[in-house]
Protein chains: 2
Amino acid sequence: MTTLFQPDLLFTGGHFQAGAGLLVDAGGTIAGIKNAAQATVLAADTQIVRLPGKALLPGFVNVHSHAFQRLIRGRTEARRSGGHDFWSWRGEMYHAAASLTPEEMYRVARMAFLEMALAGTTTVGEFHYVHRLPDGQPYPDPNLLAHQVIAAAQSVGIRIALLRAAYQRAGYELPPDPGQTRFLETTEEFLTNVDALHRQYHSTEAWVGVAPHSVRAVPIEAVREITAWAHEHRLPVHMHVSEQVAEVEACQREYGVTPVRLLAQHRVLSERFTAVHAIHIDQEEMDMLAASRATICSCPTTERNLGDGIFPAREVMDRGISIAFGSDSQAQIEPLEDARELEYHLRLQRQQRSLLDGIDGQELSLRLFRCATANGAAALGCATGELEAGKQADFFTVDLDDVSIAGNSDEDLLPAIVFGMNRSAIADVAIGGKFLVRDHRHPQQQEILKEYQEVARKVWHAPQLAAK
Amino acid sequence: MTTLFQPDLLFTGGHFQAGAGLLVDAGGTIAGIKNAAQATVLAADTQIVRLPGKALLPGFVNVHSHAFQRLIRGRTEARRSGGHDFWSWRGEMYHAAASLTPEEMYRVARMAFLEMALAGTTTVGEFHYVHRLPDGQPYPDPNLLAHQVIAAAQSVGIRIALLRAAYQRAGYELPPDPGQTRFLETTEEFLTNVDALHRQYHSTEAWVGVAPHSVRAVPIEAVREITAWAHEHRLPVHMHVSEQVAEVEACQREYGVTPVRLLAQHRVLSERFTAVHAIHIDQEEMDMLAASRATICSCPTTERNLGDGIFPAREVMDRGISIAFGSDSQAQIEPLEDARELEYHLRLQRQQRSLLDGIDGQELSLRLFRCATANGAAALGCATGELEAGKQADFFTVDLDDVSIAGNSDEDLLPAIVFGMNRSAIADVAIGGKFLVRDHRHPQQQEILKEYQEVARKVWHAPQLAAK
């Protein structure tokens, strides 16, 4: 049976259309956009879902998530508990990673994905690097924790690209770090495990990509080998690239070049490649990323929290590089905050306005909204992020009378949403035309919260308990 | 009759107390904090209001608001509509100011104040500078628009300090600007009008302060005269100071010194003085503000929107200067975003973390929360912003199982709120112990939205209609 969703306003083709309906087939794919006249001559078995007072938009795609880091929200801001820079913050984060059992990993991931769903996110790229038991031994199934995270996304109802991370060392000339014991695998182990995972998950609901963690944590030969496997299977390749100055400097000491140059030299860059962060890159590195048609995933809410620095979005966009967003550390899960910060951090730096407006003739808010939706879908290799025939019917609705956006007309609703909307406006969220959030509520919300709270209590108030 | 509010957690004395109750007398003043044992022996006529699953915190104080600018939210972000810098943005803002009738001013202000209330704000400082008819003539009552704004706050139910602004010129050696026609008054007119307004409003619900707009818009002799009047009546004095570099340079051309130096030389600074923005100030100017015990009102969500620059919060706090927050242009009305951005913008600039932590031994999130509450109350001259005996019982509650903060314990709830809470968590808001928002709803919400939408439609879609 097909379904026609009829909101007051439908966001399609780059603008809001009044009176248009979204026709979704039985498989959850968009069959077409119907105007009011067309809607009257639909097949008799078409179900009509009216959404009065609402605008309907494509769901957000969160390209870079570490779900378990939801546990450290609010716990690393003072110096006593997270310290003065990225590297001391990382110690706190490792503490959270060290103690989680598989069941707890599931519970924490569910909590993060629930919040994403309530924020209008319909697809997540989970950059997953906790693989082993706390003592460094593999689980009987070495993909156990990946299964847990995928199960968490499926129980909440959002799509997931499990970007299985390779992690081999603390860094160039650095001794092993006990905080990383659960992450480590050899290239051979990694390829065996990711191959098994890919055989199991290759649907539009859950699929696999590879994520050599960074040039710090994975020697370049291994990055090449892993990338070759991914290309063979036409899967996405994601890497942390140039988030911190120290990591760029270490790469220069080891290889004599900066990270993007190294990746370009070794032909790791491609249109399936996503560089996460890419803050400390120079003009020539931007040219290399542009030439390869790679995506950059920017994570502004995390990058401001970690003090990573300001992403050079203007120069990157000028070269036509596609930018997507990730909630990364889960300091906040606010896709629109990420979108507006891409522009706002430049305004603070340069004391001008509208710095990302008009590039390639694109209006600013439309550009930022596409970064949060269609560009993310491309980076994860899935057919979502736009409301057009053939794409998956993944969307959210907003209450047009929410106090943060009320009073705007069709023409200026998008900038109001991108620059001013609060999450409180997001009413319904659907994947493949099926609602998982309705009237601001997810049916499993109370259970997910309760189970998460139990984990948080254990991790933070009985840290001596080892993971089982 | 007294009332005891019993949440799960009460924020008082700088931390959350479990089981404590807030005792409020019949006049809306806090009579004391009662623990569970004390609560059992209350007078028989004490009403008990249980707030299970909630934490109760002092309401936010919004020190710097231009309510009518709510109209331009989302309409000035692209170059075609707000342009490339602060000054071209200002043109769009003047367009909104030019066309409003008194009734419309009331409706737009109500909308802004409703959003503040829903965000947990219980007191606003309204820096009000639209006084005249569009043709520059005074209204029969020259305080008519001020009355409208005060009435709007009272209809929503929040406290208001009407900071009546003086505005005399476009700037040093600048010709008159038609966009400013409605703002202009001579010093004599201003003093007559503000005196009349003060006679009418001097309660804890609505009171008056003065606001010489800026050294750009008000010659220093007039600033002195207005300040003298305010000191005589022990009222707050607020001014825009050094928001933009161009304004600092114009001051240097006119007076040979920067704005804060000029204000110090003329003894305008005092503990009743609030400098709004103060972004482009040097070390010596900070010393002058510190010596005078003035407050600085920072408006980070607006300052990032306008490209004003990054406020030097660390150097300012190191000197013990009190910082408060304002929603200013209403680009967003998110007191906690302002709070976290004070720290976050420094992190982006310096690539470190926790930059405002530990100053004077104060933990970061407590410091930022105080900026958003108690410091604001001091800047507006009112007894609110803290839950302690003798203060007004102005507070909001948060749902402890909101997805943005769930899982935190008493000890780390405040950083979770300051750094991660979404507005969706704010459930109830009370002024003087009376709820104006209950379970996320304000009783007049639909009416306020509808009336606002009518104004927005007129202003943006029939701009040729002059104000009546």
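Analysis parameters
Residues numbered from 1 in each chain as written. Chains lettered and ligands numbered in written order. Predicted model: local features only at pLDDT ≥ 70, side-chain atom pairs only at ≥ 80, totals over all residues. Heavy atoms only, no water. Helix = DSSP H or I, 4+ residues; strand = E, 2+ residues; numbered from the N terminus. Rg over C-alpha atoms; globule rule 2.2 N^0.38 Å. Buried < 20%, exposed > 50% of the residue type's maximum accessible area, 1.4 Å probe, protein only. Contact = heavy atoms within 4.5 Å. Areas by Shrake-Rupley, 256 points an atom, 1.4 Å probe, with all protein chains shown as cover. Pairing = 2+ DSSP bridges. Core = buried A, V, L, I, M, F, W, Y, C linked by side-chain atoms within 4.5 Å. Domains from an automatic or database assignment. Buried area = accessible area lost by both parts, 1.4 Å probe. Salt bridge = Lys/Arg side-chain N within 4 Å of Asp/Glu carboxyl O. Polar contact = N/O pair within 3.5 Å; in protein donor to acceptor, adjacent residues only side chain to side chain. Least-squares fit on C-alpha atoms with pLDDT ≥ 70 in both. Expected span 1.5 Å × (residues − 1). pLDDT = per-residue confidence, 0-100. Phe/Tyr/Trp six-rings, centres within 6.5 Å; stacked < 30°, edge-to-face > 60°. Lys NZ or Arg CZ within 6 Å of the ring centre and 35° of its normal. Nonpolar A, V, L, I, M, F, W, Y, C, P; charged D, E, K, R; others polar. 1 Å grid on protein atoms, 1.4 Å probe; cavity = no way out; pocket = protein on both sides within 12 Å on 5 of 7 lines; lining within 4 Å. Points joined across faces, edges and corners; volume = space filled by probe spheres on them.

Details of the overall build of chain A
- Per the secondary structure count, chain A includes 16 helices and 16 strands.
- Relative to a compact globule of 468 residues, whose C-alpha radius of gyration would be 23 Å, chain A shows 22 Å and is just as compact.
- Over its C-alpha atoms, taken along the principal directions, chain A stretches across nearly 70 × 45 × 45 Å.
- Buried positions account for 67% of the 468 residues belonging to chain A.
- Contacts in chain A between residues at least 24 apart in sequence constitute 75% of all its contacts with a sequence separation of at least 6.
- Here chain A displays about 15100 Å² of accessible surface, and carbon together with sulfur accounts for 50% of that area.

Here we look at the pairing of strand 2 (residues 15–18) of chain A
Residues and elements named next belong to chain A.
- Relative to strand 2, strand 1 (residues 3–12) runs antiparallel, the two sharing four bridges. Bridge pairing in strand 2 links T12 to H15.
- Two successive antiparallel strands, strand 1 and strand 2, enclose a turn made up of two residues, where G13 displays a positive phi of approximately 65°.

Things to note about the nonpolar core
- Ranked by size, the top nonpolar core spans 151 residues in total, and within it B:L57, B:F113, B:L263, B:F273 and B:V398 carry the most contacts.
- The element that contributes the greatest number of residues to this core is helix 3 (residues 102–118) of chain B, accounting for eleven residues.
- Inspection of this core shows a minimum of three residues originating in each of domain 1 (3–58 + 385–437) and domain 2 (60–380) of chain B.
- Among residues more than four places away in sequence, those in contact with B:L263 are B:V215, B:I220, B:V223, B:M239, B:V241, B:V268, B:L269 and B:F273.
- Formed by 150 residues, the second largest nonpolar core is a distinct cluster that contains A:Y94, A:I158, A:A377 and B:A406.

Considering unusual backbone geometry
Residues and elements named next belong to chain A.
- For R293, which is not a glycine, the phi torsion comes out positive at approximately 65°.
- Along the chain, R293 turns up in the loop between helix 9 (283–292) and strand 12 (295–298).
- The exposure class of R293 is exposed, given its relative accessible area of 61%.
- Positive phi values are uncommon outside glycine, yet S354 reaches one of about 50°.
- By the secondary structure assignment, S354 is in the loop between helix 12 (335–350) and helix 13 (364–372).
- With relative accessibility at 0%, the residue S354 sits in the buried group.

A word on the interface of chain B and chain A
- At the junction of the two partners, chain B supplies 71 residues and chain A supplies 71 residues.
- Buried area between chain B and chain A, both sides added, is near 5600 Å², and the carbon and sulfur share of it is 47%.
- On the chain B side of the interface with chain A, the three residues burying the most area are B:L348, B:R353 and B:V403, jointly 15% of the side's total.
- Applying the counting rule to chain B against chain A returns ten salt bridges.
- Seen at the junction of chain B and chain A, the total is 40 residue pairs in polar contact (both at pLDDT 80 or more).
- Mapped by element, the contributors of at least two residues to the side of chain B that touches chain A are helix 2 (86–99), helix 3, helix 10 (300–306), helix 12 (335–350), helix 15 (413–420) and helix 16 (445–461) of chain B.
- Top element by residues in the side of chain B that touches chain A is helix 12 of chain B. It accounts for seven residues.

Comments concerning the relation of the copies chain B and chain A
- In the superposition of chain B on chain A (RMSD 0.0 Å, axial shift 0.0 Å), the rotation amounts to 180°. Taken together, the rotation and translation relating the two chain copies correspond to the operation of a two-fold axis. Looking at the rotation axis and the C-alpha trace of chain B, the residue lying nearest is B:S424, at 2.6 Å.
- Here 100% of the contact residues of chain B are again contact residues in chain A; the copies associate through an equivalent surface.

Notes on helix 2 (residues 86–99) of chain A
All names here are of chain A.
- Given a rise of 1.5 Å per residue, 14 residues ought to cover 20 Å, and the 21 Å separating the end C-alpha atoms of helix 2 matches this to within 8%.
- Buried residues of helix 2: F86, W89, R90, M93, Y94, A96, A97 and S99, and no others.
- Packed against the buried residues of helix 2 are helix 3 (102–118), helix 10 (300–306) and helix 16 (445–461).
- Measuring from the backbone nitrogen of W87 back to the side-chain oxygen at the start of helix 2 gives 3.0 Å, which picks out D85 as the cap.

Focus: the confidence of the model for chain A
Residues and elements named next belong to chain A.
- When pLDDT is averaged along chain A, the result is 95, and 99% of the positions lie at 70 or above.
- Of the regions scoring below 50 in pLDDT, residues 463–468 engages in 13 contacts with residues more than four places distant in sequence or in other chains.
- The ipTM, which scores confidence in the relative placement of chains, is 0.96 for this predicted complex, and the corresponding pTM is 0.97.

What about the packing of aromatic side chains?
Residue and element names in this part refer to chain A.
- This structure, assessed with the given rule, holds 30 aromatic pairs over all chains.
- A ring pair is formed by Y129 and Y167, whose centres lie 6.3 Å apart and whose planes are at 40°; its orientation type is tilted. Residue Y129 is located in the loop between strand 7 (121–128) and helix 4 (144–156), and its partner Y167 is located in the loop between strand 8 (159–166) and helix 5 (187–200); the two are separated by 38 residues in the primary sequence. As far as the burial class goes, Y129 and Y167 line up, both buried.
- An aromatic cluster is present here, built from F11, F16, F60, F369 and F396 joined pairwise through their rings.
- Note that R438 overlies the ring of F435, its terminal NZ or CZ placed 4.2 Å from the centroid.

As for the domain arrangement of chain A
Residues and elements named next belong to chain A.
- Partitioning chain A into structural domains gives domain 1 (3–58 + 385–437) and domain 2 (60–380).
- For domain 1 versus domain 2, the separation of C-alpha centres amounts to 30 Å.
- Contacts between the two partners involve 26 residues from domain 1 and, on the opposite side, 31 residues from domain 2.
- Where domain 1 abuts domain 2, roughly 2200 Å² becomes buried across the two surfaces, and 65% of that area is made up of carbon and sulfur atoms.
- Sorting the residues of domain 1 by area buried against domain 2 places V418, F419 and R423 first, and these three jointly supply 33% of that buried surface.
- Across the salt bridge formed by R423 and E334, the nearest N and O atoms sit 3.4 Å from each other.
- Where domain 1 touches domain 2, the interface holds eight residue pairs in polar contact (both at pLDDT 80 or more).
- Mapped by element, the contributors of at least two residues to the side of domain 1 that touches domain 2 are strand 5 (47–58), strand 14 (395–399), helix 15 (413–420), strand 15 (426–431) and strand 16 (434–437).
- With six residues, helix 15 is the single largest residue contributor to the side of domain 1 that touches domain 2.
- Broken down by class, the residue content of the side of domain 1 that touches domain 2 amounts to 17 nonpolar, six polar and three charged.

What about helix 3 of chain A?
Residues and elements named next belong to chain A.
- Helix length check: helix 3, at 17 residues, gives a terminal C-alpha distance of 24 Å against a target of 24 Å (1.5 Å per residue), a fit within 8%.
- For helix 3, the tally of buried residues reaches 16 of 17 residues, placing the bulk of the element in the interior.
- Looking one or two places after helix 3, you find G120, whose phi comes out positive at around 95°.

Some details on the layout of surface pockets
- In this structure, the largest pocket occupies an estimated 750 Å³ of space.
- What lines the largest pocket is a set of 29 residues, among which A:R423, A:S424, A:H440, B:S424 and B:H440 lie closest to the centre.
- Listed by contribution, the elements that provide at least two residues to the lining of the largest pocket are helix 16 of chain A together with helix 16 of chain B.
- Counted by class, the lining of the largest pocket contains nine nonpolar, eight polar and twelve charged residues.

Focus on the environment of A:R441
- For A:R441, the position within the fold is in the loop between strand 16 and helix 16.
- Residues A:R441 and A:V429 lie twelve residues apart in sequence; the distance between their C-alpha atoms is 9.5 Å.

A look at the environment of A:P142
All names here are of chain A.
- Along the polypeptide, P142 turns up in the loop between strand 7 and helix 4.
- Owing to a relative accessible area of 27%, P142 belongs among the partly exposed residues under this scheme.
- With 47 residues separating them in the primary sequence, P142 and E189 have C-alpha atoms 9.0 Å apart.

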